[in-house]
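What follows is each chain in one-letter form.
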Amino acid sequence: MTLDDMKRAAARAAIAFVPDNCVVGVGTGSTANHFIDALAEIKGRIEGAVASSEGSAARLKSHGIPVFDLNAVDRVPVYIDGADEINHYLHMIKGGGAALTREKIVAAVAEQFICVADHTKRVDILGTFPLPVEVIPMARSHVARELVKLGGRPVYREGVVTDNGNVILDVHGLRIAEPATLEGEINQIVGVVTSGLFARRRADVLLLGTESGVETFR
């Protein structure tokens, strides 16, 4: 079984968490794409979706799934998305696809956050995957200097502009023992839109694709 097979299995398992007649929150990335494809098979029993990126919105629409503006939706019972890293407490690093801000907004609104991932994404300590930080363009150098003070090595993600018109700094060299604390510290830097740490709003459930099947963690 390939890693892609494991992602697909985890994504398909998330369908069981989708209530009838609801608006589903949908994430961004390769595993989220597998979920969108699976969601298309049950599109007749949901109202539609809220997407965390323009790319996901386009994929949903290509399947004939209505896409709603989050401001027009009363409630989002469940949000399904992947992770670049996730620890045993279900804290995550996200943002490899540069959609971290919209992902964090939809996750904050959702009543339940289901993370779908393959087993390579589960780690003891976050930080091997560089931490993405979305930054207002004029503040890039200032934010980079502040991130160095926190022990990181920020690298500008060349050629990437987020759906919000901002830039990404990927912070290397961190060993994140206290994710919620670091999330707060980074988010307080002037010019930061948000960091890719999802600790204050962690996942409620992890569906982990493995060689032996999908494992569930809460």
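First things first, this report covers the structure right here in the doc.

Reading guide: rules and limits
- Residues numbered from 1 in each chain as written.
- Predicted model: local features only at pLDDT ≥ 70, side-chain atom pairs only at ≥ 80, totals over all residues.
- Heavy atoms only, no water.
- Pairing = 2+ DSSP bridges.
- Helix = DSSP H or I, 4+ residues; strand = E, 2+ residues; numbered from the N terminus.
- Axes fitted to C-alpha atoms, helices over the stretch in contact; angles between N-to-C directions.
- Contact = heavy atoms within 4.5 Å.
- Core = buried A, V, L, I, M, F, W, Y, C linked by side-chain atoms within 4.5 Å.
- Buried < 20%, exposed > 50% of the residue type's maximum accessible area, 1.4 Å probe, protein only.

1. Quick word on the sheet that holds strand β1 (residues 23-26)
Moving on, step 1. Pairing is mixed across the open sheet formed by six strands, whose spatial order is β2-β1-β3-β6-β12-β13. Single-partner strands in this sheet number two, and they are β2 (48-51) and β13 (213-217). The sheet shows a mean angle of 25° between the axes of neighbouring strands, taken without regard to direction.
Moving on, step 2. Lying over the sheet, helix α1 (residues 3-13) contacts β6 (112-118), β12 (205-210) and β13, oriented at roughly 160° with respect to β6.
Moving on, step 3. Its contacts with the sheet put helix α2 (residues 30-39) on β1, β3 (78-81) and β6, and the angle it makes with β1 is roughly 155°.

2. So, the nonpolar core
Moving on, step 1. Judged by nonpolar contacts, the single largest core of 26 residues is most densely connected at Val-24, Val-26, Phe-35, Leu-39, Leu-60 and Ile-80.
Moving on, step 2. Elements supplying a minimum of two residues to this core: α1, β1, α2, β2, α3 (54-62), β3, β6 and β12.
Moving on, step 3. The dominant element in this core, judged by the number of residues it contributes, is α2, at four residues.
Moving on, step 4. If sequence neighbours within four positions are ignored, Ile-80 has contacts with Ala-14, Val-24, Gly-25, Val-26, Gly-27, Phe-35, Ile-114 and Val-116.
Moving on, step 5. Within the second largest apolar cluster, 20 residues are counted, among which are Ile-93, Val-133, Ile-176 and Ile-189.

3. Points about the environment of Ala-180
Moving on, step 1. Tracing the backbone shows Ala-180 in helix α6 (residues 179-187).
Moving on, step 2. Expressed as a C-alpha distance, the spacing of Ala-180 and Arg-8, which sit 172 residues apart in the sequence, is 29 Å.
Moving on, step 3. In this structure, Ala-180 is in contact with Ala-199 and Arg-200, ignoring residues within four places of it in sequence.

4. A short note on the side chain of Glu-103
Moving on, step 1. As for its placement among the helices and strands, Glu-103 is situated in helix α4 (residues 100-109).
Moving on, step 2. When neighbours within four sequence positions are excluded, Glu-103 is seen to be in contact with Thr-28, Ser-52, Tyr-79, Asp-81, Lys-94, Gly-95 and Phe-198.

5. Let's talk about α2
Moving on, step 1. Within α2, seven of the ten residues are buried, which leaves it mostly tucked inside the rest of the structure.
Moving on, step 2. Buried-residue contacts for α2 involve α1, β1, α3, β3 and β6.

6. A short note on the sheet that holds strand β8 (residues 153-156)
Moving on, step 1. The four strands lie next to each other as β8-β9-β7-β10, forming an open sheet whose pairing is antiparallel. Two strands in the sheet have a free side with no partner beyond their single neighbour: β8 and β10 (192-195). Across this sheet, the average inter-strand angle for adjacent strands is 30°, counted without regard to direction.
Moving on, step 2. Judged from the three bridges that link them, strand β7 (residues 131-135) and β10 form a sheet pairing that is antiparallel. Within β10, the position partnered with Glu-134 by the bridge is Thr-194.
Moving on, step 3. Contacting β7, β8, β9 (167-172) and β10, helix α5 (residues 140-149) crosses the sheet at an angle of about 15° to β9.
Moving on, step 4. Running over the sheet, α6 touches β7 and β10 and is turned about 170° from β10.

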